[in-house]
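# Structure assessment
Residue strings, one per chain:
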Amino acid sequence: MEGIEVCTQCGIPTYITAEHTWHSSGFILQNRDTRHILIFIESDNLETLLKGVEDIVGVSIERIVINTRRRAARAYMDRVIPDILKEQVRDGKLEVGKVIQGMLGIGYVLGYGKFEVVDWRVKGDDDDYILLNIENPYSITLGTVDPVAAFEAVMGREMGYSYQEVSPGVYQIRAFPSRHPEEFKGRLTMRKYAYSEGNIEYQRCNSCGAPTLLGEFSWDLDNGLIHSRETGRRMVFFAPSVLEAVFDELERELGETIPEVVIESQKRLTREGMYSLDLKDPEEGLRKQLALRGLGNLASLSVGERGMTMLMENATIHLMLVGLAQGLFEHAYGVESKASWEIVEEKGLKVEVFPA
Ligand SMILES: [Zn+2]
């Protein structure tokens, strides 16, 4: 997409560093409201984690995922879109299609694929709609709901949507006024994150302040794609509060085995080789990779054939991190394992893994 600014020195889109801070706590803070954080993660991890949970529980979780994502994405866009712009669209002084197209530039930068607004009608009644295409969404379920949330934020009203694949990898989305399901009103609460200062230091770009480690990733701004130069995997920025709200809601609906299910799902995909430990320097390597992804501050790690103990300060998504630790151990030593974990007051998340 034309018009996306990048840092002339490091090449990272300026939106990334203007809006977010890789903080010493191991979190990626949203500068507009630092109680909100993002993770920067392999899109396969998101998709496979949720699919894995669905397979294990044996019922569709799409309804919960969509409603949670829509709510979080709308809140995010609401913070980002200036009120004056919303007013001008609602008053008919600005064309909604052009404003949405501009806002979807954020999606390109966050790795969500390529968006194109095709058509729209806005007169303030129930026949309003917007029609847009998305090419290569990072997830069909999550990626098709994001632009709907942007439309909601601009118009200030609830929208429904439908989509269909119009050519391979291209989905056409139609969003229109519609009330959200009543069942979720007052639920799917997005957690806010507290954190303590950590000791993570980043080497940063002199010009924009982006961690130089982000040089490990390449942004394709014509297509809205981010890839790891090392593994080739696709990366996206995502709100951990969405995953946590989904897990909470699943636990409410399906019972207290859900934490185990989430851990198991993350363990399996990690063990299959999505991530691995560098056994020559496991602690430093893992600390760097976790912080870069905004997953928290690895305070200590001891690992050997007989087990692994991991202490995380400011752990972003506990269940995912427990599964990750277990999967890393199993991948490194080629064994089955069992894990226990606890939240240690003042310190954070402690995970212990042993061969089973
Ligand atoms: Zn820079």
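Please refer to the structure higher up on the page.
In this report, we go over the structure that sits alongside the text. (Residues numbered from 1 in each chain as written. Predicted model: local features only at pLDDT ≥ 70, side-chain atom pairs only at ≥ 80, totals over all residues.)

Right, let's talk about the pairing of strand β10 (residues 234-238) for a bit. Within a regular strand, side chains alternate between the sheet's two faces. Of all 5 residues in β10, 4 are buried; the element is thus mostly enclosed. The pairing of strand β9 (residues 225-228) with β10 spans 2 bridges and is classified as antiparallel. Bridging across to β10, His227 finds its partner in Arg234. (Buried ≥ 20, exposed ≤ 12 C-beta atoms within 10 Å, placed from the backbone. Helix = DSSP H or I, 4+ residues; strand = E, 2+ residues; numbered from the N terminus. Pairing = 2+ DSSP bridges.)

Time to look at the packing of helix α2 (residues 43-57) against helix α9 (residues 258-274). Contact geometry of α2 with α9 gives a least axis separation of 8 Å together with a crossing angle of 130°. Classed by the angle they form, the pair α2 and α9 counts as oblique. As for how α2 packs across α9, the hand of that crossing is right-handed. Two secondary-structure elements touch here, α2 through Asp44, Asn45, Thr48, Leu49, Gly52, Val53, Ile56 and Val57 and α9 through Val261, Val262, Glu264, Ser265, Gln266, Arg268, Leu269 and Met274. For the contact of α2 with α9, the class distribution of residues is 8 nonpolar, 5 polar and 3 charged. (Axes fitted to C-alpha atoms, helices over the stretch in contact; angles between N-to-C directions. Parallel < 35°, antiparallel > 145°, perpendicular 65-115°, else oblique. Left-handed = near helix turned anticlockwise from the far one by under 90°. Contact = placed C-beta atoms within 7 Å. Nonpolar A, V, L, I, M, F, W, Y, C, P; charged D, E, K, R; others polar.)

Strand order in this open sheet of 6 strands is β1-β2-β3-β10-β9-β8, and the pairing throughout is antiparallel. Looking along the sheet, the strands with just one partner apiece sit at the ends: β1 (20-22) and β8 (217-220). With direction set aside, neighbouring strand axes in the sheet form an average angle of 35°. In this structure, strand β3 (residues 37-42) lies alongside β10, joined through 4 bridges in antiparallel fashion. If you follow Phe40 over to β10, its bridge partner there is Phe237.

The next subject is the environment of Val351. By the secondary structure assignment, Val351 is in strand β14 (residues 348-355). On a C-alpha basis, the gap between Val351 and Met312 in space is 8.4 Å, while along the polypeptide they are 39 residues apart. Beyond its immediate stretch of four places on either side in the chain, Val351 contacts Met310, Leu321, Val322, Ala325, Ala339 and Trp341.

The strand order across the open sheet formed by 4 strands is β11-β12-β14-β13, and the pairing between neighbours is antiparallel. This sheet does not close on itself; its edge strands, each paired only once, are β11 (297-304) and β13 (337-344). Averaged over all neighbouring strand pairs, the angle between strand axes comes to 10°, with direction disregarded. Note: β13 against β14, 8 bridges, orientation antiparallel.

This brings us to the nonpolar core. The biggest cluster of nonpolar side chains holds 105 residues, and the ones touching the most others in it are Ile100, Leu321 and Ala325. It is helix α7 (residues 140-155) that contributes the most residues to this core, 9 residues altogether. Domain assignment of the residues forming this core places at least three in each of domain 1 (1-185 + 193-255) and domain 2 (256-355). When residues no more than four places from it in sequence are discounted, the contact partners of Ala325 are Met308, Met310, Ala339, Val351 and Val353. (Core = buried A, V, L, I, M, F, W, Y, C linked by C-beta atoms within 7 Å. Domains from an automatic or database assignment.)

What follows is about the environment of Gly224. Position of Gly224 relative to the elements: it lies in the loop between β8 and β9. With 28 C-beta atoms counted inside 10 Å, the residue Gly224 sits in the buried group. Linking Gly224 and Ile106, residues 118 residues apart in sequence, is a C-alpha distance of 9.1 Å. Not counting residues up to four positions away in its chain, the partners in contact with Gly224 are Gly107, Tyr108, Gly111, Tyr112, Gly113 and Lys114.

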